[in-house]
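Okay, here's what each chain looks like letter by letter:
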Amino acid sequence: MFKKILIANRGEIACRVIKTARRMGIKTVAVYSDADARAPHVEMADEAIHIGASPASESYLIADKIIAACKATGAEAVHPGYGFLSERTSFAEALEAAGIAFIGPPVGAIAAMGDKIESKKLAKQAGVNVVPGFVGEIEDTDHAVRIANDIGYPVMMKASAGGGGKGMRLAYSEKDVRENFESVKREGLASFGDDRVFIEKFIESPRHIEIQVLGDKHGNILYLNERECSIQRRHQKVVEEAPSPFVSPEMRKAMGEQAVALARAVGYYSAGTVELIVSGADKTGQGFYFLEMNTRLQVEHPVTEYITGLDLVEQMIRVAYGEKLALTQDDVKINGWAVENRVYAEDPYRGFLPSTGRLVRYRPPAEVDHVRVDDGVYEGSEISMFYDPMIAKLVTWGETREEAIDKQITALDRFEIDGIGHNIDFLSALMQHPRFRSGNITTGFIAEEFPEGFQGAPAGEKLSLQLAAIAGVLASIDAARAAHIDGRLDGPAEPSTSWVVTLDGVERTVEIAGDAVAVDGTSVVVDAPYIPGQRLVEATVDGEGLSLRVERKRTGWTFTTRGASHSLRVLTPRVAALSHHMIEKVPPDLSRFLLCPMPGLVTAIHVAEGAKVEAGQPLAVVEAMKMENILRAEKAGTVKTVAAKPGDSLAVDAVILEFE
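Residues numbered from 1 in each chain as written. Predicted model: local features only at pLDDT ≥ 70, side-chain atom pairs only at ≥ 80, totals over all residues. Heavy atoms only, no water.

Caption draft 1: Examining the sheet that holds strand β37 (residues 627-632) more closely. As summarised here, the arrangement of the four strands in space is β37-β36-β34-β39, forming an open sheet in which the pairing is antiparallel. A single partner strand is all that each edge strand has here, and the edge strands are β37 and β39 (649-650). In the sheet, strand β34 (residues 600-605) pairs with β39 via two bridges, with the strands oriented antiparallel. Bridging across to β39, Leu601 finds its partner in Ser649. (Pairing = 2+ DSSP bridges. Helix = DSSP H or I, 4+ residues; strand = E, 2+ residues; numbered from the N terminus.)

Caption draft 2: Seen up close, helix α8 (residues 174-192). Compared with an ideal rise of 1.5 Å per residue, which puts 19 residues at 27 Å, α8 spans 26 Å between its outermost C-alpha atoms and is within 8% of the ideal. In α8, a bend of some 40° at Asn180 exceeds every other bend along the element. Those residues of α8 that sit buried are Asp176, Val177, Asn180, Phe181, Ser183, Val184, Lys185 and Gly188. Buried residues along α8 sit against α7 (141-151), β7 (155-159), β8 (168-171) and β9 (197-201). (Expected span 1.5 Å × (residues − 1). Bend = angle between axes of the 7 residues up to and from the residue. Buried < 20%, exposed > 50% of the residue type's maximum accessible area, 1.4 Å probe, protein only. Contact = heavy atoms within 4.5 Å.)

Caption draft 3: Structural view of helix α3 (residues 63-73). Restricting attention to buried positions, one finds in α3 the residues Ala63, Ile66, Ile67, Ala69, Cys70 and Thr73. An end-on view of α3 places all buried positions within 155° of arc, on one side of the element. In α3, those exposed residues whose orientation departs by more than 90 degrees from the buried face are Asp64, Lys71 and Ala72. The secondary structure elements touched by the buried residues of α3 are β1 (4-7), β2 (27-33), β3 (47-52), β4 (77-79) and α4 (89-97). One or two positions beyond α3, positive phi appears at Gly74, with a value near 80°. (Arc of directions from axis to C-beta.)

Caption draft 4: Region of interest: the side chain of His143. The topology assignment puts His143 in helix α7. Residue classification places His143 among the buried positions, given a relative accessible area of 12%. Leaving out residues up to four positions away in the same chain, His143 has contacts with Phe134, Glu137 and Ile138.

Caption draft 5: Quick peek at the sheet that holds strand β24 (residues 498-503). Spatial ordering of the open sheet is given by β27-β26-β25-β24-β32-β31-β30-β29-β28, a layout of nine strands whose pairing is antiparallel. On the outer flanks of this sheet lie β27 (522-524) and β28 (526-527), each paired with one strand and no other. Both strand β31 (residues 556-561) and strand β32 (residues 564-571) contribute to a ladder of six bridges, which runs antiparallel. Across the sheet, Trp557 pairs through a bridge with Leu568, a residue of β32. Each of β24, β25 (506-513), β26 (516-519), β27, β28, β29 (536-541), β30 (544-553), β31 and β32 is contacted by helix α16 (residues 461-482), which is oriented at about 55° to β30, the strand it contacts most. (Axes fitted to C-alpha atoms, helices over the stretch in contact; angles between N-to-C directions.)

So this is what it looks like as structure tokens:
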């Protein structure tokens, strides 16, 4: 077995590989950029080598620096993780030339599957279902129109070398093809250096299902069941689960055998994933089609590990060393259900804008009762603008799908993240959504269910009552503590046992008598151990557990749980009665300002002082997380002052422009 391997990656996947290597008794080498000098993967590894500046193009993407680090440390093999150099044939070839093992598939397989047009041709030859379409060279727009008409609308036009949602356009008519074909070509050329386009039938009610394959260098190839990855936002996966609630045993076998046939056709070994687009409208189980093959480990691999009991990173290392697979297809089982949520540094309340900054507080849930957290950050880490905004992956396992989902909700409530925006509330809302829980999902789920954006999961009557009861208990604990303060001029205070709790405009009376709690006259059994200043409260109401992140406010509390932050005003009955006479404070009108929606770098200002602008006109461009965000005028007006200039690094809500 290898004595030392280098991980050519960063963040949670680097930590993940190190954990397995350590368990196998293999020494590890980490590489890091300036931004990652104090990152967890650097601390975890046995050795660490600095490879350059913060931008990936100056560090993690330079193959020569990775190879030099291998030679300097004596690393015999490289695990590429995912992203960066993981699917670059030139990197695998350079490692081979240097006598260093690549913990991944053969170069030929990477090359064959890296081209969407060629991979579809190979898939068809291997007997794999492919979406009806045209995968040859398309001459011009007129040729594209003829092809689309022959296939039948709707059709999808895709850049051959595309990925991540770039270079894709949906056409419902000939007019759409004529308007967008050249645009797809230009996008493909600009983003990937390749202007080839293919056209295929658009699958209605589409589900994204993928088959995990695993092969060795001795010709053995297995399929490790499927993962459902249909919950996506802008073609980026958000939630993954294994198995799929849609796939039947017969469908699984047909999918798996076709995936193995494709892998065999390209001489595949190591771990890989065959991605399929599946028609949710086709109940026969035959409506699945090849999408692409990822010749690397997937972000969502933990859900497969949970249901099969296999460590995929270990299998990749053993295969790279030349070992045979120690199992057969009959040994691959499905045990229970696993769900994975990707915790991102993004603000769902602001249109999912990326968030950068320091993790002032980071406390993930405890890894107990089949809760797994894969992360590469710690409290105090910087979420950098240079890399992917993932904070952690939360994986849960249960005997049933419902149990695994319920564990997600509980674990998400136990995350403590301060300092940056994050999507915890949104993930919890997804887990609670009736349509998701029913399994009736498609790749359009998020766009369909949250068309106006995300405003927090609504609190039903039951949750509102629970929160009011807990607020009354916490207020009583605070009042009892205050009663012990010595030196009061009017003597010891008598703590209140009666409270008026207001949530979403609804007032509830909470009475506390010893251990007895009554909400609007109805008895409730509440257990809410709390010490003033505590941030996370583990409560039970009528025997049902509820984890809350709590924050004391001047007149009450903010409870964050079940996918939303809830502001509760908690007053004694006398103060509550008097409060009705208070004048409501109106928030300031900020409509005359253009505010920076996220921490980022101003790359362009398109207007000057005195300029007249129209609704929709571009005003400024702010770059964050490697993405440019164009800020547009919401209405017509005249620019009074310009407070920012290109090159400025702005905090969230910083003023960029002011209108008259």
